[in-house]
Amino acid sequence: MPASKLRLTRRAIAALPTPEKAVTVWDTETKGLGLTLLPSGQRTWICDYQVKDGARRREKLGRASAMTPEEATALASDRLARARRGEDPLAEARAAAARQAEERTAATVADLMEEWLERHVRTKRKSRTASGYASLMTVHILPALGKRPAAGLTAGDLTTFHEGVARKAVKPSRPGVK
């Protein structure tokens, strides 16, 4: 079994044997930086720190095969400095990941338009009116805004959309018709 504390250099890491059960080796130079060794041979850099409210955090920084000891040290030093300033790097990363996941699953304009057509137009309007609305949606709204998350639309987006529709307005097909 490897020593529990060691200066984690490239040479020292290469010399570490594969353990029979999971082991963490801590760096003697950078407090809080460790390397977790698994029986499968996988090696993962971790950073252990305490946040302002006293809670302990253990964050995975990355695989040792993809990150040098110098990169892991720099990343861990950043995390430790942020924790000393009262920030919670792991909570911030989790919140950012949650926001990204929410954005990916957020309803798009196309989803809401289809729901609106089904619930409110096709059930409450005559079929010709409903087909007219569906045509407007297909021709104008969906190409411009359909894939965008509805929650992310701004007044400026809608102004730009309206201006674009006005620019490509259909001219009368018969002369003399206004």
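Keep in mind that this is a model prediction, so the values were computed, not measured.

**Re the overall build of the chain**
- Check the secondary structure of the chain and you find six helices and five strands.
- Listing each helix as α and each strand as β along the chain from the N terminus yields β-α-β-β-β-β-α-α-α-α-α.
- With respect to the principal axes defined by its C-alpha atoms, the chain has extents near 90 × 35 × 30 Å.
- Out of the 178 residues in the chain, the part that is buried amounts to 29%.
- Across the chain, the fraction of contacts at a sequence separation of at least 24, relative to all contacts at a separation of at least 6, is 34%.
- For the chain, the exposed surface amounts to about 12300 Å²; the carbon and sulfur share of it is 54%.
- Each charge sign in the chain was given a centre, from 33 positive and 20 negative side chains, and these centres are 6 Å apart.

**Describing the packing of helix α4 (residues 109-121) against helix α5 (residues 127-145)**
- Put simply, α4 and α5 touch, their axes get as near as 10 Å, and they point 170° apart. Accordingly, the angle class assigned to the pair α4 and α5 is roughly antiparallel. Residue-level contacts link Val109, Ala110, Met113, Glu114, Trp116, Leu117 and Val121 of α4 to Ala130, Tyr133, Ala134, Met137, Ile141, Leu142 and Leu145 of α5.
- Grouping the amino acids of the contact of α4 with α5 by side-chain chemistry returns 13 nonpolar, no polar and one charged.

**Looking at the packing of aromatic side chains**
- Per the stated rule, a full pass over the model turns up one aromatic pair.
- Seen from their ring centres, Trp116 and Tyr133 are 5.7 Å apart, and the 25° between their planes marks the pair as stacked. Here Trp116 is found in helix α4, whereas its partner Tyr133 is found in helix α5, with 17 residues between them in sequence.
- Take Tyr133: its relative accessible area is 34%, and that puts it in the partly exposed class.

**Overview of the nonpolar core**
- Counting residues in hydrophobic clusters, the biggest one holds 19 residues, and the most contacted among them are Leu35, Trp45, Tyr49 and Leu61.
- Listed by contribution, the elements that provide at least two residues to this core are β2 (23-27), β3 (33-37), β4 (43-50) and α2 (69-84).
- The greatest single-element share of this core, amounting to four residues, is contributed by α2.
- Beyond its immediate chain neighbours, meaning those up to four positions away, Tyr49 contacts Ala55, Arg56, Arg57, Glu59, Arg79, Leu80, Ala83, Asp88, Pro89 and Leu90.
- Counting residues in each nonpolar core, the second largest holds nine residues, with Met113, Ala134, Met137 and Phe161 among its members.

**A word on the pairing of β4**
- Across the eight residues that make up β4, a large majority, seven, are buried.
- A loop of five residues connects β3 with β4, the two strands running antiparallel in sequence, and Gly41 in this loop sits at a positive phi of about 100°.
- Once β4 ends, the chain turns through five residues before running back antiparallel as strand β5 (residues 56-63), passing Gly54 with a positive phi of about 95°.

**As for the sheet that holds β5**
- In spatial order, the strands read β1-β2-β3-β4-β5; together these five strands make up an open sheet with mixed pairing. The open sheet terminates on both sides in strands that have one partner only, identified here as β1 (5-6) and β5.
- Inspection of the sheet shows β1 paired to β2 by two bridges, in the parallel sense. Each residue of the ladder has a partner; that of Leu6, found in β2, is Asp27.
- Each of β3, β4 and β5 touches α2; the most contacted strand, β4, lies at about 20° to it.

**Here we look at the confidence of the model for the chain**
- Summary statistics for the chain give a mean pLDDT of 88 and a share of 92% for residues scoring 70 or more.
- Looking at the elements of the chain, mean pLDDT is at its lowest for helix α3 (residues 89-105), recorded as 84, and at its highest for β3, recorded as 96.

Criteria and thresholds
- Position numbers for residues start from 1 in each chain and track the written sequence from start to end.
- This being a predicted model, a pLDDT of at least 70 is required before a residue's local features are given, and a value of 80 or more before pairs of side-chain atoms are given or counted; all residues contribute to the totals for chains, interfaces and linings.
- Excluding hydrogens and water, the side-chain values take into account all heavy atoms of the structure.
- Under the scheme used here, helices are H or I runs from DSSP no shorter than 4 residues and strands are E runs no shorter than 2 residues, and both carry numbers assigned from the N terminus.
- For the exposure calls, accessible area comes from a 1.4 Å probe over protein chains only, and a residue counts as buried if that area is under 20% of its type's maximum, exposed if over 50%, partly exposed in between.
- The contact criterion used is simple: two residues touch if any of their non-hydrogen atoms lie within 4.5 Å.
- Exposure was quantified through the Shrake-Rupley algorithm and a 1.4 Å probe, taking into account, for residues, occlusion by the shown protein chains and nothing else.
- Counted charges follow a simple rule, with Lys and Arg positive, Asp and Glu negative, and His plus the chain ends left uncounted.
- To locate a charge, the coordinates of NZ of Lys, CZ of Arg, CG of Asp or CD of Glu are taken.
- Note on method: axes are straight lines fitted to C-alpha atoms, helices fitted across the in-contact stretch only, with angles between N-to-C directions ranging 0 to 180 degrees.
- An angle below 35 degrees is treated as roughly parallel, one above 145 as roughly antiparallel, one from 65 to 115 as roughly perpendicular, and anything else as oblique.
- When residues are grouped by polarity, Ala, Val, Leu, Ile, Met, Phe, Trp, Tyr, Cys and Pro land in nonpolar, Asp, Glu, Lys and Arg in charged, and all others, Gly among them, in polar.
- Any Phe, Tyr or Trp ring, taking Trp's six-membered ring, that has another such ring centre within 6.5 Å forms a pair; planes under 30 degrees apart are called stacked, those over 60 apart edge-to-face, and the others tilted.
- Side-chain atoms within 4.5 Å link the members of a nonpolar core, which is a set of buried Ala, Val, Leu, Ile, Met, Phe, Trp, Tyr and Cys residues.
- A pair of strands is labelled paired if DSSP reports no fewer than 2 bridges between them.
- Per-residue confidence from the prediction method is given by pLDDT, with values spanning 0 to 100.

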